[in-house]
Amino acid sequence: MIHERIRSLRKERGFTQTMLAEKVGVSAQVVSNWERNYTSPDLGDFSKIANALHTTADYLLGLSDQQEDEMREIKQLLETKGYDKPVFFDKKAWFGIQQDEIKQIDNYFRFLLQQKHIS
């Protein structure tokens, strides 16, 4: 499964084996061996592969079917806009919020998005 997911994601992202190898810090032959299931990535390579392919190690390992790491991508996007620690990612704060409050937050965010599309 790992080899299939690496190959599939690499192709979806438009990377050659050489491009992926450079991002991970291995040779193109190593990537080829992973994809042909001759060898498996070292434990240390999983996070590098996941980062390069914009996915999670859980997806690569078959522990999750969620291909994208959406939360990480949103967090990185906010960081590029100068928000290095937005309250959205304060896990402790989320535990104190009630269901109706979460709905209010969701509704407000939808309202803001709607206003942006109108103007």
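A short tour of the structure in this document, coming up. (Residues numbered from 1 in each chain as written. Predicted model: local features only at pLDDT ≥ 70, side-chain atom pairs only at ≥ 80, totals over all residues. Heavy atoms only, no water.)

1. Points about a nonpolar patch on the surface
Together, V87, F88, W94, I102 and I105 make up an exposed nonpolar region whose accessible area comes to about 450 Å². Locating I105 in the fold gives a position in helix α8 (residues 99-118). (Patch = residues over 30% accessible without salt bridge, like charges linked within 9 Å, V, L, I, M, F, W, Y side chains within 5 Å. Areas by Shrake-Rupley, 256 points an atom, 1.4 Å probe, with all protein chains shown as cover. Salt bridge = Lys/Arg side-chain N within 4 Å of Asp/Glu carboxyl O. Helix = DSSP H or I, 4+ residues; strand = E, 2+ residues; numbered from the N terminus.)

2. Comments concerning helix α4 (residues 43-52)
Of all the residues in α4, the buried ones are D45, F46, I49, A50 and A52. Buried residues of α4, viewed axially, fall in a sector of 160°; they line one side. Each element contacted by the buried residues of α4 is listed here: α1 (2-12), α2 (17-24), α3 (28-35), α5 (57-61) and α6 (70-80). Phi turns positive one or two residues past the end of α4, at H54, with a value near 55°. (Buried < 20%, exposed > 50% of the residue type's maximum accessible area, 1.4 Å probe, protein only. Arc of directions from axis to C-beta. Contact = heavy atoms within 4.5 Å.)

3. Observations regarding the side chain of N33
Here N33 shows up in helix α3. Residue N33 is classed as buried on the basis of its relative accessible area, which comes to 17%. With sequence-adjacent residues up to four places away left out, N33 is seen in contact with Y38 and T39.

4. Things to note about the nonpolar core
Counting 15 residues, the largest nonpolar core has I6, L20, V24, W34, I49, L53 and L60 as the members making the most contacts within it. Elements that contribute at least two residues to this core include exactly α1, α2, α3, α4 and α5. Here this core gets four residues from one element, more than from any other, and that element is α4. Those residues in contact with I6, other than ones at most four positions away along the chain, are L20, W34, E35, P41, I49, L53 and L60. (Core = buried A, V, L, I, M, F, W, Y, C linked by side-chain atoms within 4.5 Å.)

5. Looking at the side chain of R5
Tracing the sequence through the fold places R5 in helix α1. Apart from the residues within four sequence positions on either side, R5 is in contact with Y59, L60, G62, S64 and D65.

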